[in-house]
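Remarks on the overall topology
Spelled out from the first residue to the last, the chains are:
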Amino acid sequence: MKLGLIGHPVGHSMSPWIHGKLFEQQGLNGTYQLYDVKPEEFEAFIPKLKEEGLDGFNLTVPHKERILPFLDGLDESAEALGAVNTVKRTDKGWIGYNTDGTGFVHSMKNRYPKKINTATRVLLLGAGGAARGIFHAFLTEGVATIDVSNRTVSRAQAIVETGNPKVQSKALSLDDVQSSLGEYDVIVQTTTVGMSPEDEEVIIPLENLTKDTIVSDIVYRPMETLFLKKAKRQGANVHYGHEMLLQQAVYAFQIWTGTNPSALEILDEFEAKLKGV
Ligand code: ATR
C-alpha cells in the first residue's frame, strides 16, 4: 500500500513513523512518503500524484482546503468543515475525509471514558481551523454546551453559527471567559500559543479553574505545555496534544486499510520518540 503526506513544510512530521508502526502492528506492507509542496506548486503536483498511484494520502497546512476541487466525494465531516486531511482512492475516485476533530474527541474518550456525555459543558479557546474541527466533533457527539472564546470574538461567533439548536453555544472574548472557567467540564486550547520556542506563553490565566475539569492542549511540542502545567497545579485532569495527533493518524489508517489498529499500543513508544526529537 502506498501512502503519503502533502504539506509545506513537512520535514518534522511524525506521520511516517506512526504509519510505519501501524503497518507493522497490522502485518501489512506499505510506504508513507513525505511530499513537500509549496502552495504555488500544488495544482501542477496533483497530476503527478495520480501517476504515482497512491492509495491514500494526508494533507496538512496549507493544503486542506486547496484539495477540494480535485476530489470526487466528501464524507460528512469534510463536507461540514470544508477541509480535508485524509484522501482515499476508491473505485468512485478520490474521497476526502476529515479526521482531526473525531481524532481529538476519540482520544479524550480513550483517556476519560465517562466524561463525555449529553451533560458535558465544553469550552474551546481559539477559533481557527483546529477549533472548527473539534467544535464539529463535539457537536456530533451531542454534548450539552460548546462555547467558543477567541481573541477576535467575531471568529468565535462564526463557528458558533455553524452549530445546531440541540447544543447550547455562545461566543466569548478571552477576557470575559476567565471568570467563568469553573462552569466547564472540558476546556480545550486549540491555538498555537505556548508552542516551542514560545513555550512561556499561556493563552489565558487559569486562576478560576476548578478541580476535576479536563484541560486539553492541542500543542504537542513541548509535550506538556505551560498551560497544562498550570492546569495540573489547579487539580485539573489533563489531556495531551500528541494523543490527538496519534488518534487522528489511526483514524486515517483505518479509512485506508479497513483494519482496526490500536493507538494505545504504540502510545508509550510514540511519547519516547517525541521526547527524543
Ligand atoms: P489554525 O487553522 O491552525 O487553527 P488559524 O486559523 O490561524 O490557525 O487560527 C489561529 C488561532 O490562534 C486563532 O484563534 C487566533 O486568534 P485570532 O482569531 O484572534 O487571530 C489564535 N491566536 C494566535 N495567536 C494568538 C495569541 N497570541 N493570543 C491569542 N490567540 C491567538
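Preceding this section is the structure that the text describes.
Just so it is clear, the model here is predicted, and its values are computed rather than measured.

**Comments concerning the nonpolar core**
- By size, the foremost hydrophobic cluster in this structure holds 27 residues, and its most contacted members are F104, F138 and I146.
- When contributions to this core are tallied by element, the ones reaching two or more residues are α4 (100-111), β7 (121-125), α5 (129-141), β8 (145-150), α6 (153-160) and β10 (186-189).
- Filtering out sequence-adjacent residues up to four positions away, F104 remains in contact with I134, F138, V188, S216, I218, H239 and M244.
- Grouped together as the second largest cluster of nonpolar side chains are 21 residues, I18, F23, L246 and I266 included.

**A few points about helix α1 (residues 15-26)**
- When the terminal C-alpha atoms of α1 are compared, their 16 Å separation across 12 residues agrees well with the 16 Å that a helix rising 1.5 Å per residue should span.
- Of all the residues in α1, the buried ones are S15, I18, H19, K21, L22 and F23.
- On its buried face, α1 is in contact with β1 (2-7), β2 (31-36), β3 (56-59), α9 (241-257) and α10 (264-276).
- Of the residues flanking the end of α1, it is G27, one or two places downstream, whose phi is positive at about 65°.

**Here's the deal with the pattern of salt bridges**
- Under the definition given, this model contains 12 salt bridges.
- When the shortest N-O distance is used, the salt bridge between D55 and R89 registers 3.0 Å. Remark: R89 occurs in strand β5 (residues 86-90) and D55 occurs in the loop between α2 (42-52) and β3; sequence separation between them is 34 residues.

**Quick look at the environment of K88**
- Structurally, the position occupied by K88 is in strand β5.
- C-alpha separation for the pair K88 and F227, spaced 139 residues apart in sequence, amounts to 36 Å.
- There is a polar contact of 2.9 Å between the side chain of K88 and the backbone oxygen of I255.

**Concerning the packing of α5 against α6**
- One way to put it is that α5 packs onto α6 with a least axis distance of 10 Å and a crossing angle of 30°. Looking at the two axes, α5 sits roughly parallel to α6. Relative to α6, α5 is oriented so that their crossing is right-handed. Of α6, the residues touching α5 (which contributes A131, R132 and F135) are A158, I159 and V160.
- When grouped by side-chain class, the residues that make up the contact of α5 with α6 number 5 nonpolar, no polar and 1 charged.

**Here we look at the site of the ligand**
- Neighbouring the ligand are 13 residues; A127, G129, N150, T152 and R155 lie closest to it.
- In this structure, A130 approaches the ligand through a main-chain N or O atom, which is 3.2 Å from an oxygen atom.
- In this structure, an oxygen atom belonging to the ligand sits 2.7 Å away from a side-chain N or O atom of N150.
- Alone, the ligand offers 650 Å² of accessible surface; in the complex the protein occludes 65% of this.
- Taken together, the residues of the shell around the ligand break down into 5 nonpolar, 6 polar and 2 charged.

**Let's talk about the pairing of β2**
- Summarising the sheet, β1 and β2 pair through 6 bridges and their orientation is parallel. For G4, the partnering residue across the bridge sits in β2 and is Q33.
- In this region the chain leaves β1, passes through α1 and returns to the parallel neighbour β2; the handedness of that crossover is right-handed.

**Concerning the packing of α1 against α10**
- At a closest axis distance of 11 Å, the pairing of α1 and α10 adopts a crossing angle of 150°. In terms of orientation, α1 lies roughly antiparallel with respect to α10. Relative to α10, the crossing made by α1 is right-handed. Counted together, W17, I18, K21, L22 and Q25 of α1 and E265, I266, E269, F270 and K273 of α10 form the full contact between these two elements.

**As for the sheet that holds strand β11 (residues 214-217)**
- Spatially, 6 strands are ordered β9-β8-β7-β10-β11-β12 in an open sheet, and the strand pairing comes out parallel. Only two strands of the sheet have a single partner each, and these edge strands are β9 (171-173) and β12 (237-240). Averaged over all pairs of adjacent strands, the angle between strand axes in this sheet comes to 20°, irrespective of strand direction.
- Here 4 bridges tie β11 to β12, and the two strands are oriented parallel to one another. Considered in β12, the bridge of I214 is made with N237.
- The sheet strands contacting α4 are β10, β11 and β12, and the helix crosses β12 at an angle near 135°.
- Here helix α8 (residues 226-233) sits on the sheet and contacts β7, β10, β11 and β12; the angle it forms with β11, its principal contact strand, is near 170°.

Rules behind the numbers
- Residues numbered from 1 in each chain as written.
- Predicted model: local features only at pLDDT ≥ 70, side-chain atom pairs only at ≥ 80, totals over all residues.
- Heavy atoms only, no water.
- Core = buried A, V, L, I, M, F, W, Y, C linked by side-chain atoms within 4.5 Å.
- Buried < 20%, exposed > 50% of the residue type's maximum accessible area, 1.4 Å probe, protein only.
- Helix = DSSP H or I, 4+ residues; strand = E, 2+ residues; numbered from the N terminus.
- Contact = heavy atoms within 4.5 Å.
- Expected span 1.5 Å × (residues − 1).
- Salt bridge = Lys/Arg side-chain N within 4 Å of Asp/Glu carboxyl O.
- Polar contact = N/O pair within 3.5 Å; in protein donor to acceptor, adjacent residues only side chain to side chain.
- Axes fitted to C-alpha atoms, helices over the stretch in contact; angles between N-to-C directions.
- Parallel < 35°, antiparallel > 145°, perpendicular 65-115°, else oblique.
- Left-handed = near helix turned anticlockwise from the far one by under 90°.
- Nonpolar A, V, L, I, M, F, W, Y, C, P; charged D, E, K, R; others polar.
- Near = heavy atom within 4 Å.
- Areas by Shrake-Rupley, 256 points an atom, 1.4 Å probe, with all protein chains shown as cover.
- Pairing = 2+ DSSP bridges.
- Right-handed = clockwise from strand over helix to strand, strands pointing away.

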